[in-house]
Amino acid sequence: MSEVYQKLKKIVSEKFVSNDLYMRHAYSRNVDPVLQGIPEYVVRPKDAKEISEILKIVNEENIPVIPRGAGCCEFGGSKPIGDGGIVLDMKRMENIINLDEENLIITVEAGISWSKLNEYLSQFGLYTGCMGPGSGLTASVGGGISHHSVGGGGCAKYGACTNQLVSLEIVLPTGEIIETGSQANKYSKFPFNRFGNGPDLASLFCGDNGIFGVKTKVSLQVFPRPDFANYKTFLLPRKSVEASVNIFTEIRKKGVDVYDAIYIMDLLVSVGCQYGLFPLWDNLKRKRGVFFYVIEANSEVELEEKTKQLDNILLTNKAEELGPEIADGNFAKWHYTEQGHWLFAHNLWGVVPGFEPLDAECHTPINSYPAILKDLDQWDQEHSEEMNMILEIAGFRPITGSGPIILIDGNNVEFTCGFTSFASYIDGKYYDIIRETNIKLWKSILERVTKWGVQWYMMGEIMSRLMIEIGAYSEEYYNFLKSIKKTLDPNLILSRGKFNF
Ligand SMILES: Cc1cc2nc3c(=O)[nH]c(=O)nc-3n(C[C@H](O)[C@H](O)[C@H](O)COP(=O)(O)OP(=O)(O)OC[C@H]3O[C@@H](n4cnc5c(N)ncnc54)[C@H](O)[C@@H]3O)c2cc1C
């Protein structure tokens, strides 16, 4: 065994380091289809101290390290870029460290999943507000903070999960351990506030896609789950995209306090029904766009008032309410009461074996997405030759469109768009041409969407490099980013290759 292996073994013990071939291959993948490199070692540390020791060694040996939560990044974020290096699997670090019930702050290890964290909080009538990403059943809190994740419930009310961040414990790429916010004052007994003690350094690590440090401890605000909630689902009129924009805009303009407001476009409703994704809408005669909302309140009177305000907006936009029960098609009820906010996205991935969502998740102002959707139709037509080639081999023409469009804080939506294709393994045969075409088309659609000025929040390998390749960052901005990276990580150890570092 190599000297590095021996050193790693000494730090984490033999059980938690591996260079077995199957293990290395397993950790070479995220949910996206791109194979970009196979790590040399997989290490599963138990605490910040072990991570610090690992990082000191790899700096001496010049070995890149890539932190990984649950590996759900859709853009190749938590796997190596190029062969070699170490994948730092954070999933062993999933303990709850402290619930400060008085100050409503929880401190956890970064590898804990959103579902485990919220299951724990539910015993106290609490929740995290933003329930993390749609992948929250498995995705980790550290991964969420590294992505500014949003989309797993509660986003219209609470925004992205980084809004709730109070403090972080970080192992810097060179091995030093720091704490941010109130904890920058070593006399502070417990985390209570993010801002102060100088600049907000926690922000530097929010949405950093794992390039500036390894998050080991996360303190988040938590909230009492209100006693009352209402959830309704509506079928939209024929021009559902325009109707959805009006509804989102009116919700914001009228200042209605909504927990979740989500639009599912016509194409997704009809294709989803065809492939068994929405069994509760099987009986819908017209497979049109759907809009649903969830509201929360502290009293029946408040709930009634908010329901009235929202229904008024929906009905004046000619939406038709489906029934109150899940069996009547009330997706909102399933979404809020049955953890549909996490199940929905997981189901999307598995809907047809071999389906591959090649998507683009970004933030964009409410009034901008109709034009982007039209442009995506145009993009699809411009690429019909490649699409038809895939149709001929796979018997399936890729579908371009949008996933659920979710109201988030401010006047923004989380906008998931892209295309769904078939992976390259079909009926026992491997098609390189499909893999290559999928990736070429994917980069092309990402470039097209970027040029609408959207804001990416999960970047991984693909988006972070594409931004540089298409010149989306100004030179000054990119140089500034590079100089921070060089200062924190002079040997470019962490997530080497991202943002072309
Ligand atoms: C079915 C499905 C649905 C999804 N829905 C959403 C959604 O609604 N909203 C959304 O935001 N995303 C979504 N995603 C993408 C992704 O799951 C999330 O962004 C999630 O937050 C990633 O968490 P993870 O633990 O899997 O992180 P990983 O994918 O393992 O890592 C993500 C990034 O964070 C870094 N990282 C992970 N842990 C640490 C750490 N402790 N310290 C430093 N860096 C770290 C990694 O290097 C990587 O760059 C979805 C993915 C799937 C498969």
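For the structure itself, look to the data block above.
Everything numeric here is computed off the predicted structure, so don't read it as measured data.

Reading the values: rules and limits
Residues numbered from 1 in each chain as written. Predicted model: local features only at pLDDT ≥ 70, side-chain atom pairs only at ≥ 80, totals over all residues. Heavy atoms only, no water. Buried < 20%, exposed > 50% of the residue type's maximum accessible area, 1.4 Å probe, protein only. Helix = DSSP H or I, 4+ residues; strand = E, 2+ residues; numbered from the N terminus. Near = heavy atom within 4 Å. Polar contact = N/O pair within 3.5 Å; in protein donor to acceptor, adjacent residues only side chain to side chain. Areas by Shrake-Rupley, 256 points an atom, 1.4 Å probe, with all protein chains shown as cover. Nonpolar A, V, L, I, M, F, W, Y, C, P; charged D, E, K, R; others polar. Contact = heavy atoms within 4.5 Å. Axes fitted to C-alpha atoms, helices over the stretch in contact; angles between N-to-C directions. Parallel < 35°, antiparallel > 145°, perpendicular 65-115°, else oblique. Left-handed = near helix turned anticlockwise from the far one by under 90°. Pairing = 2+ DSSP bridges.

**Focus on helix H9 (residues 266-274)**
Argument step 1. Within H9, the full set of buried residues consists of Leu 268, Val 269, Val 271, Gly 272 and Cys 273.
Argument step 2. Once H9 ends, the next one or two residues include Gly 276, with phi positive near 80°.

**Comments concerning the site of the ligand**
Argument step 1. The immediate surroundings of the ligand are formed by 39 residues, with Pro 67, Ser 135, Ser 140, His 147 and Val 150 found nearest.
Argument step 2. A distance of 2.8 Å separates an oxygen atom of the ligand from a polar atom in the backbone of Gly 71.
Argument step 3. Between the ligand and the protein, one listed contact pairs an oxygen atom with a backbone N or O atom of Cys 72 at 2.9 Å.
Argument step 4. Look at the ligand: alone it shows 960 Å² of surface, and the protein chains cover 98% of it.
Argument step 5. Mapped by element, the contributors of at least two residues to the shell around the ligand are strand E3 (65-68), helix H5 (141-147), strand E10 (214-221) and helix H12 (340-350).
Argument step 6. For the shell around the ligand, the leading source of residues is H5, giving five residues.
Argument step 7. A breakdown of the residues in the shell around the ligand according to their chemical character gives 15 nonpolar, 18 polar and six charged.

**Observations regarding the environment of Tyr 425**
Argument step 1. Among the secondary structure elements, Tyr 425 is positioned in strand E19 (residues 425-426).
Argument step 2. Residue classification places Tyr 425 among the exposed residues on the basis of a relative accessible area of 54%.
Argument step 3. Sequence-wise, Tyr 425 and Arg 435 are ten residues apart; in three dimensions their C-alpha atoms are separated by 8.9 Å.

**Thoughts on the side chain of Thr 233**
Argument step 1. Along the chain, the position of Thr 233 falls in strand E12 (residues 228-235).
Argument step 2. Judged by its relative accessible area of 0%, Thr 233 is buried.
Argument step 3. One polar contact links Thr 233 to Asn 330, side chain to side chain, over a distance of 2.7 Å.
Argument step 4. Ignoring any residue separated from it by four or fewer positions in sequence, one finds Thr 233 in contact with Trp 281, Val 290, Phe 291, Phe 292, Glu 320, Glu 321, Leu 322, Gly 329, Asn 330, Phe 331 and Ala 332.

**Section: the packing of helix H14 (residues 384-394) against helix H15 (residues 432-450)**
Argument step 1. At a closest axis distance of 11 Å, the pairing of H14 and H15 adopts a crossing angle of 150°. The angle between H14 and H15 falls in the class roughly antiparallel. As H14 runs across H15, the sense of the crossing is left-handed. Between H14, through Glu 386, Met 387, Met 389, Ile 390 and Ile 393, and H15, the contact on the second element is made entirely by Ile 433, Ile 434, Thr 437, Asn 438, Lys 440 and Leu 441.
Argument step 2. The residue makeup of the contact of H14 with H15, split by class, is seven nonpolar, two polar and two charged.

**Some remarks on the pairing of strand E18 (residues 412-422)**
Argument step 1. Across the eleven residues that make up E18, a large majority, nine, are buried.
Argument step 2. Here strand E16 (residues 355-365) pairs with E18 via eleven bridges, running antiparallel. Along E18, the bridge assignment pairs Thr 364 with Val 413.
Argument step 3. In the sheet, strand E17 (residues 399-407) pairs with E18 via seven bridges, with the strands oriented antiparallel. Bridging from a neighbouring strand, Ile 406 pairs with Glu 414 of E18.

**Points about the environment of Asn 103**
Argument step 1. When you line up the elements, Asn 103 lands in the loop between strand E5 (96-100) and strand E6 (105-109).
Argument step 2. For Asn 103 and Val 222, which are 119 residues apart along the polypeptide, the C-alpha to C-alpha distance reads 8.9 Å.
Argument step 3. Polar contacts involving the side chain of Asn 103 include one to the side chain of Asp 100, which spans 2.8 Å.

**Regarding the packing of helix H1 (residues 3-12) against helix H3 (residues 48-61)**
Argument step 1. Across the interface, H1 lies against H3 with an axial gap of 9 Å and an inter-helix angle of 165°. By the angle between their directions, the pair H1 and H3 is classed as roughly antiparallel. H1 and H3 meet at a crossing whose hand is right-handed. Between H1 and H3, the contacting residues are Val 4, Lys 7, Leu 8, Ile 11 and Val 12 on the first element and Glu 50, Glu 53, Ile 54, Ile 57 and Glu 61 on the second.

**Overview of the sheet that holds E5**
The strands that make up a sheet are held in pairs by hydrogen bonds between backbone atoms, and each pair lies either parallel or antiparallel.
Argument step 1. Ordered in space as E5-E6-E10-E8-E9, the five strands form an open sheet in which the pairing is antiparallel. The outermost strands of the open sheet, each flanked by one partner alone, are E5 and strand E9 (177-179). Each strand of the sheet is rotated relative to its neighbour by a mean of 10°, with strand direction disregarded.
Argument step 2. Across the sheet, H3 is in contact with strand E8 (165-171), E9 and E10; its angle to E8 comes to roughly 45°.
Argument step 3. Along the sheet, helix H4 (residues 114-122) contacts E5, E6 and E10; its crossing angle with E6, the most-contacted strand, is approximately 140°.

**Describing the pairing of E5**
Argument step 1. Bridge analysis of E5 against E6 gives four bridges, and the strand direction is antiparallel. Bridged to Asn 98 within E6 is Thr 107.
Argument step 2. Where E5 folds back on E6, the antiparallel hairpin that results is connected by four residues, among which Leu 104 adopts a positive phi of roughly 55°.

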